[in-house]
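Working through the structure, step by step
Listed below are the residues making up each chain.
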Amino acid sequence: MVSRAWAAGLWNSVHQTVRTRRFWTVSLPYRTLQFANFACALHLFGDHIATISWVEGPSMVPTMAVAGEAALELKWINVNKLTRGDLVTFISPLDPGRIVCKRITGLPGDVVCVDPTGTYAPSTEHVVIPKNHIWVTGDNLAWSRDSRVYGPVPMGLLKGRLYARVWPVTQFGVFPNTFDYIS
Amino acid sequence: MQTIRLARAGWASFRQSGRDHLNKQPRLRWFLSALVWLPLGLFVTEYGFNVKSVKGRSMQPTLNPDDSPWRDIVLFDRFSVKLRKKYERGDVVALKSPADSKLVVKRIIALEGDVVRTLPPYPDAEVRVPVGCAWVEGDEPFRTEDSNRFGPVPLGLIESRLSFIIWPWERIGSLGQPLVARHDAKRGTPGWRKSQADLERGTWRTSRVTIAPSQPPTSPS
């Protein structure tokens, strides 16, 4: 009974509010605009500071599952402070509507072997990475289209850096840098 | 429980004192209430339209011609590039330079699949624009860092399309449309000569491009 009276009271108050002219001319537009503003703020935060993004596909297989997993992605990055072995996301040079994740294997000025596996180029071919470009490869070389196909990637395409895995929760952890230096 | 109540009371008094302080300073109050709407404004400038001035002479005479005492102020249309992904030959676009990630203004000459006859600094005489790339050039061939220097650029580097010149008022109008000879201008007048030169430059530009026969297939995922 109490809940019924409560519902009736609620309905009554909503009805009273909706009937007023002030609700339609002032309150509703203002609240809508406020909501839109809040949504924009959230979006801008996710676009420029940090977000949780879903990564899937076969190209990063030992690191990321094919079925996909969620990762904390930092968008506020200094492109000059990236190191070899970082996982970065960037706009695919093949398709501007796609964002892909790869591992940095070369920084500006490095000499890299174009394709050690020899499928896209003879394994003796080497290139010098130009200024303001990086060399990226997938962890699963057999199933990845990366710098071996499209060459060095301009830093202007970079979007963010994957920092930690957050889903599945059991495998939570900061991505380790897998780069080894051979002396 | 006691501590929670105390904390709430403290918080309420803090808010009240803040409100009193703001009521005493109408200018600060006005500033803060404007600041609250900043995200909406930023969103519009990022995904909609914004207005900027263009520096440099690489796009002359379309933008910043030599005889202009002002920098051109142009409406940048980010909506059609960022959300609609519309790229067309002849569009004047702003892109991040691959060489240093700074914003530069160039014209899209060719899209993926097209064959372009290149200009001097480029090593090859002819080049086929690869998938997902565009060939961009400045309108002034001698004063520009463009695809003839750094090669085809990925479409993802393109940030916005320059759609409308807002200032100076003599050249107010939309940008990046096919040029037509102006028949209203009298033969031999400076305006007529200018339009003829524009047309000639446009035809020269398009004559260097062999457009790909059909719509190239979008790259597989």
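Residues numbered from 1 in each chain as written. Chains lettered and ligands numbered in written order. Predicted model: local features only at pLDDT ≥ 70, side-chain atom pairs only at ≥ 80, totals over all residues. Heavy atoms only, no water.

Per an unreviewed UniProt entry, the recorded name for chain B is Mitochondrial inner membrane protease subunit, and the organism is Ganoderma sinense ZZ0214-1. Checking UniProt for chain B, the heading Subcellular location (unreviewed entry) contains the comment "Mitochondrion inner membrane". (UniProt positions renumbered as here; feature names shortened; annotations may be inferred.)

As named in an unreviewed UniProt entry, chain A is Transporter, taken from Ganoderma sinense ZZ0214-1. Comment text from UniProt for chain A, heading Subcellular location (unreviewed entry), reads "Mitochondrion inner membrane".

The next thing to look at is the overall build of chain A. Along the backbone of chain A there are three helices and ten strands. For chain A, the N- to C-terminal ordering of α and β elements is α-α-β-β-β-β-β-β-β-α-β-β-β. For 183 residues, the compact-globule formula gives about 16 Å, and the C-alpha radius of gyration of chain A, at 25 Å, lies well above that figure. Dimensions of chain A, computed from C-alpha atoms along their principal axes, come out at roughly 80 × 35 × 25 Å. Residue burial in chain A is summarised as follows: out of 183 residues, 37% are buried. (Helix = DSSP H or I, 4+ residues; strand = E, 2+ residues; numbered from the N terminus. Rg over C-alpha atoms; globule rule 2.2 N^0.38 Å. Buried < 20%, exposed > 50% of the residue type's maximum accessible area, 1.4 Å probe, protein only.)

Moving on, we get to the interface of chain B and chain A. Each partner contributes residues to the interface: chain B has 26 residues there, and chain A has 26 residues. A buried area of about 2000 Å², summed over both sides, lies between chain B and chain A, and 62% of it is on carbon and sulfur atoms. Counting across the interface, chain B meets chain A through zero salt bridges. In this assembly, chain B and chain A are joined by eight residue pairs in polar contact (both at pLDDT 80 or more). The element best represented in the side of chain B that touches chain A is helix α3 (residues 38-47) of chain B, accounting for six residues. (Contact = heavy atoms within 4.5 Å. Buried area = accessible area lost by both parts, 1.4 Å probe. Salt bridge = Lys/Arg side-chain N within 4 Å of Asp/Glu carboxyl O. Polar contact = N/O pair within 3.5 Å; in protein donor to acceptor, adjacent residues only side chain to side chain.)

Here the focus is the sheet that holds strand β6 (residues 126-128) of chain B. All names here are of chain B. The antiparallel open sheet is built from three strands, whose spatial order is β6-β5-β11. Both outer strands of the open sheet, β6 and β11 (209-210), are each paired with one neighbouring strand and no more. Judged from the two bridges that link them, strand β5 (residues 115-117) and β11 form a sheet pairing that is antiparallel. Bridged to Val 115 within β11 is Thr 210. (Pairing = 2+ DSSP bridges.)

All names here are of chain A. UniProt's entry tags residues 50-115 and 120-167 with the feature "domain: Peptidase S26" (unreviewed entry), counted in the numbering of this structure. Structurally, residues 50-115 comprises 0% helix and 42% strand, and the distance from its first C-alpha atom to its last is 33 Å. End C-alpha atoms of residues 120-167 are separated by 34 Å, and the span's content is 8% helix alongside 42% strand.

Turning our eyes to something else, we now look at the pairing of strand β7 (residues 133-137) of chain B. For a regular strand, the rule is simple: side chains alternate between the two faces of the sheet. All names here are of chain B. When you tally the buried positions in β7, you get five out of five residues, the bulk of the element. By the alternation rule, side chains of β7 split into Cys 133, Trp 135 and Glu 137 and Ala 134 and Val 136, which are all buried. Pairing geometry for strand β4 (residues 103-110) and β7, over three bridges, is antiparallel. Paired with Ala 110 across the two strands is Trp 135, which belongs to β7. Here β7 pairs with strand β8 (residues 153-154) via two bridges, running antiparallel.

Right, let's get into the UniProt feature "active site" (unreviewed entry) in chain A. Residue and element names in this part refer to chain A. As recorded in UniProt, the sites labelled "active site" (unreviewed entry) are Ser 59 and Lys 102. Judged by maximum C-alpha separation, these annotated positions cover 44 residues in sequence but sit close together in space, the widest gap being only 8.0 Å. Looking at the element boundaries, Ser 59 is found in the loop between β1 (50-55) and β2 (69-74). On the accessibility criterion, Ser 59 (14% relative accessible area) is buried. Beyond its immediate stretch of four places on either side in the chain, Ser 59 contacts Cys 101, Lys 102, Gly 138, Asp 139, Asn 140, Trp 143 and Ser 144. Its place among the elements puts Lys 102 in strand β4 (residues 99-106). At 3.2 Å, the side chain of Lys 102 forms a polar contact with the side chain of Ser 59.

Looking now at the packing of helix α2 (residues 21-48) of chain A against α3 of chain B. A pair of packed helices is characterised by two quantities: the angle between their axes and the separation of those axes. Running from amino to carboxyl end, α2 of chain A crosses α3 of chain B at an angle of 60°, the nearest separation of the two axes being 8 Å. Of the possible angle classes, the one that applies to α2 of chain A and α3 of chain B is oblique. Where α2 of chain A crosses over α3 of chain B, the handedness of that crossing is left-handed. Residues Leu 33, Ala 36, Asn 37, Cys 40, Ala 41, His 43, Leu 44, Asp 47 and His 48 of chain A of α2 of chain A touch α3 of chain B, and the partners they reach there are Pro 39, Leu 40, Leu 42, Phe 43, Glu 46 and Tyr 47 of chain B. Partitioning the contact of α2 of chain A with α3 of chain B into residue classes produces ten nonpolar, three polar and two charged. (Axes fitted to C-alpha atoms, helices over the stretch in contact; angles between N-to-C directions. Parallel < 35°, antiparallel > 145°, perpendicular 65-115°, else oblique. Left-handed = near helix turned anticlockwise from the far one by under 90°. Nonpolar A, V, L, I, M, F, W, Y, C, P; charged D, E, K, R; others polar.)

Attention now moves to the environment of Ser 53 of chain B. All names here are of chain B. Along the chain, Ser 53 turns up in strand β1 (residues 49-53). For Ser 53, a relative accessible area of 40% translates into the label partly exposed. Residues Ser 53 and Arg 205 lie 152 residues apart in sequence; the distance between their C-alpha atoms is 25 Å. Beyond its immediate chain neighbours, meaning those up to four positions away, Ser 53 contacts Arg 71, Asp 72 and Ile 73.

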